[in-house]
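So you can see what is in the structure, the chains are spelled out below.
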Amino acid sequence: MCKKSRGENTRAVQLPDPPVPAQRPAGLPVYRTAGFVFADAAEHADLVHEGGGYLYGRVDNPTCDAFADAVAALEGVTVEGVRGQAFASGMAAISAVLLAFTRSGSHVVAPLALYGGAYELLVGLMSRFGVTADFVDFADLEQVRAVLRPSTRLVWAETLATPGMAVADLPGLASLAHGRGALLVVDSTAATPVLCRPLEYGADLVVHSATKYLGGHGDALGGVVAGRADLVAEVRGVRVATGAVLGPDEAFLLRRGLETLPLRVRRQCDTAAQFAAAMARHPAVRAVDYPGLPGHHGHTLARRLFDRGPEGTRFGALVTVTPHGGRVAGLALCDALRLAGTATSYGGTRTTVAHVGATALTGRDDVLLAGGGVDPGAVRFSIGLEDAEDLIRDAVEALDTLSADLRRPAAPGAAHEAVPG
Ligand SMILES: Cc1ncc(COP(=O)(O)O)c(C=O)c1O
């Protein structure tokens, strides 16, 4: 057909192909496309059957792969052959790992203080498919050992678990899991590869909610799994089948976030350390949970497992502050802050808070609250990039405004004890 004889609409959609530059782009191109066009029908058929190229946006996308590869590189600094897969959210990544490695009759061991979304998934959904789970205190490896059984497929840990900021004994857990033929999967969202790389301690897979520190700006949801190529291929299979695919625009934002990850996280940790120390000195504060405080139950383990840079070990940027006065005081603290807004997520550039007890969702949370594992007044601070002095002044002023009857003088020299997490 003569080109000139084509109608206006045909010409409008049959646009010339964009140029493919010989030079590498300095920024990451966003492949905002649902699919790809093949040289001919034979190439299409080859890709469907053999793989090895880009077929369809739900299967693979170069921008998403660039993000997953970058996380794999950060997690696999000293471990060979680490691969990554990107997901629509942290929960999509967690679901894919559970679906990939459990069957009806499989058993999973996880911490009692497991992230609530993962807990709900295991108890509310996976149980419908015959997957059972035990939740125990990971601070005591004997409790983990006691519930392992031949059907245990996964030991699920969190490097640094909110709200108590428990630190997982990754080498101990890896040896227990592997001794029983199970995989150790570690959700390292709160630690990030800047503080700790679980694969170096024997974990088989590491999972992140990239929504938090990896992206780091609170503007994109995403998840990622990294680890051994054959395991990651299984997880990819679930992603393709379930369609829990990361969008290319989000992949761009998340990968750009990675470029400043070490700078952001180190500074946020340094501010958090100053903040935690200042909070522990305030008379209206009953407890501060922060592994950087020498009295915290995870301090020694964090010193052993977390990266020791020239300035020393860093302990994360989440600090749980519990004022005297329980739930009411916690709510009053959140509302009295001027810099930190109350928010669900964490890990962004702006400091946010969440009242742990008031946002408890699951029956398990009620058990933790009732059993003293979580104080009803606990407030989790996600320390951002503001100046430390401003954050401390804001929190001190907020604590000062709590009514006098909620305050009790600190015993002379008494360290503020961590709340068991
Ligand atoms: C430790 C941890 N893992 C996983 C998730 C789930 O991530 P997302 O919200 O990206 O699905 C969260 C979210 O808060 C989290 O804190």
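For the structure itself, consult the block above.
Predicted model only: the values in this text are computed from it and were never measured. (Residues numbered from 1 in each chain as written. Predicted model: local features only at pLDDT ≥ 70, side-chain atom pairs only at ≥ 80, totals over all residues. Heavy atoms only, no water.)

This brings us to the side chain of S188. Its place among the elements puts S188 in the loop between strand 7 (183-187) and helix 8 (192-195). In this structure the side chain of S188 is engaged in a polar contact, spanning 2.7 Å, whose partner is the side chain of T159. Among residues more than four places away in sequence, those in contact with S188 are T159, C196, P198, V206, V207 and H208. (Helix = DSSP H or I, 4+ residues; strand = E, 2+ residues; numbered from the N terminus. Polar contact = N/O pair within 3.5 Å; in protein donor to acceptor, adjacent residues only side chain to side chain. Contact = heavy atoms within 4.5 Å.)

Looking at the ligand, the residues that line it are S89, G90, M91, I94, Y115, D187, T189, S209, T211, K212, G222 and Y346. Between the ligand and G90, the relevant distance is 2.9 Å, taken from an oxygen atom to a main-chain nitrogen or oxygen of the residue. In the environment of the ligand, an oxygen atom lies 2.7 Å from a nitrogen or oxygen atom belonging to the side chain of T211. With the chains in place, 86% of the 390 Å² that the ligand exposes on its own is no longer accessible. The element best represented in the shell around the ligand is helix 4 (residues 90-101), accounting for three residues. (Near = heavy atom within 4 Å. Areas by Shrake-Rupley, 256 points an atom, 1.4 Å probe, with all protein chains shown as cover.)

This part covers the layout of surface pockets. There is about 990 Å³ of room inside the largest pocket. Taken together, 41 residues line the largest pocket, and the ones lying closest to its centre are Y115, G116, G117, T162 and R380. Sorting the residues of the lining of the largest pocket by element identifies helix 4, helix 5 (116-125), strand 5 (160-161), strand 8 (205-209) and helix 14 (363-370) as the ones contributing at least two each. Among the elements that make up the lining of the largest pocket, the one with the highest residue count is helix 14 (four residues). Each residue belonging to the lining of the largest pocket can be placed in one class, and the counts come to 20 nonpolar, 15 polar and six charged. No fewer than three residues from each of domain 1 (41-259) and domain 2 (261-406) sit in the lining of the largest pocket. (1 Å grid on protein atoms, 1.4 Å probe; cavity = no way out; pocket = protein on both sides within 12 Å on 5 of 7 lines; lining within 4 Å. Points joined across faces, edges and corners; volume = space filled by probe spheres on them. Nonpolar A, V, L, I, M, F, W, Y, C, P; charged D, E, K, R; others polar. Domains from an automatic or database assignment.)

What follows concerns the packing of aromatic side chains. Across all of its chains, the model carries four aromatic pairs by this definition. For the pair F36 and Y54, a centre-to-centre distance of 5.5 Å together with 40 degrees between the ring planes defines the contact as tilted. Linking F36 in the loop between helix 1 (8-13) and helix 2 (41-50) with Y54 in the loop between helix 2 and helix 3 (62-75), this pair joins segments that are 18 residues apart in sequence. Where Y213 meets Y346, the ring centres are 6.2 Å apart and the plane angle is 55 degrees; that geometry is what we call tilted. (Phe/Tyr/Trp six-rings, centres within 6.5 Å; stacked < 30°, edge-to-face > 60°.)

Our next topic: the pattern of salt bridges. The tally for this structure, following the rule as stated, stands at 15 salt bridges. The partner of R267 in a salt bridge is D387, and the shortest N-O contact between them spans 3.4 Å. Here D387 lies in the loop between strand 16 (379-382) and helix 15 (388-401) and R267 lies in helix 11 (residues 261-281), a separation of 120 residues in the sequence. The salt bridge involving E397 is made with R338; its shortest N-O contact spans 2.7 Å. Placement of E397 in helix 15 and of R338 in the loop between helix 13 (326-336) and strand 14 (341-342) is noted, with a sequence separation of 59 residues between them. By relative accessible area, R338 is classed as exposed at 65%. Overlapping salt bridges bring together D60, R236 and R239 as one network. (Salt bridge = Lys/Arg side-chain N within 4 Å of Asp/Glu carboxyl O. Buried < 20%, exposed > 50% of the residue type's maximum accessible area, 1.4 Å probe, protein only.)

Let us now look at the sheet that holds strand 4 (residues 152-158). The strand order across the open sheet formed by seven strands is 1-9-8-7-4-2-3, and the pairing between neighbours is mixed. For this open sheet the edge positions go to strand 1 (82-87) and strand 3 (132-136), each flanked by a neighbour on one side alone. For this sheet, the mean angle separating the axes of adjacent strands, direction not counted, is 20 degrees. Here strand 7 pairs with strand 8 via three bridges, running parallel. When the sheet's bridge partners are listed, D187 is paired in strand 8 with V207. Of the strands in this sheet, strand 4 and strand 7 touch helix 7 (residues 170-179), which is tilted by about 145 degrees from strand 7. (Pairing = 2+ DSSP bridges. Axes fitted to C-alpha atoms, helices over the stretch in contact; angles between N-to-C directions.)

Quick look at empty space enclosed by the protein now. Tallied over the entire structure, the rule returns three cavities of 30 Å³ or more. Of the volumes computed, that of the largest cavity is approximately 70 Å³. Forming the walls of the largest cavity are G57, D60, N61, C64, D65, A68, Q85, A86, R239, V245 and L246. Elements that contribute at least two residues to the lining of the largest cavity include exactly helix 3 and strand 1. Among the elements that line the lining of the largest cavity, the one with the most residues is helix 3, at three residues. Per-class residue counts for the lining of the largest cavity are five nonpolar, three polar and three charged.

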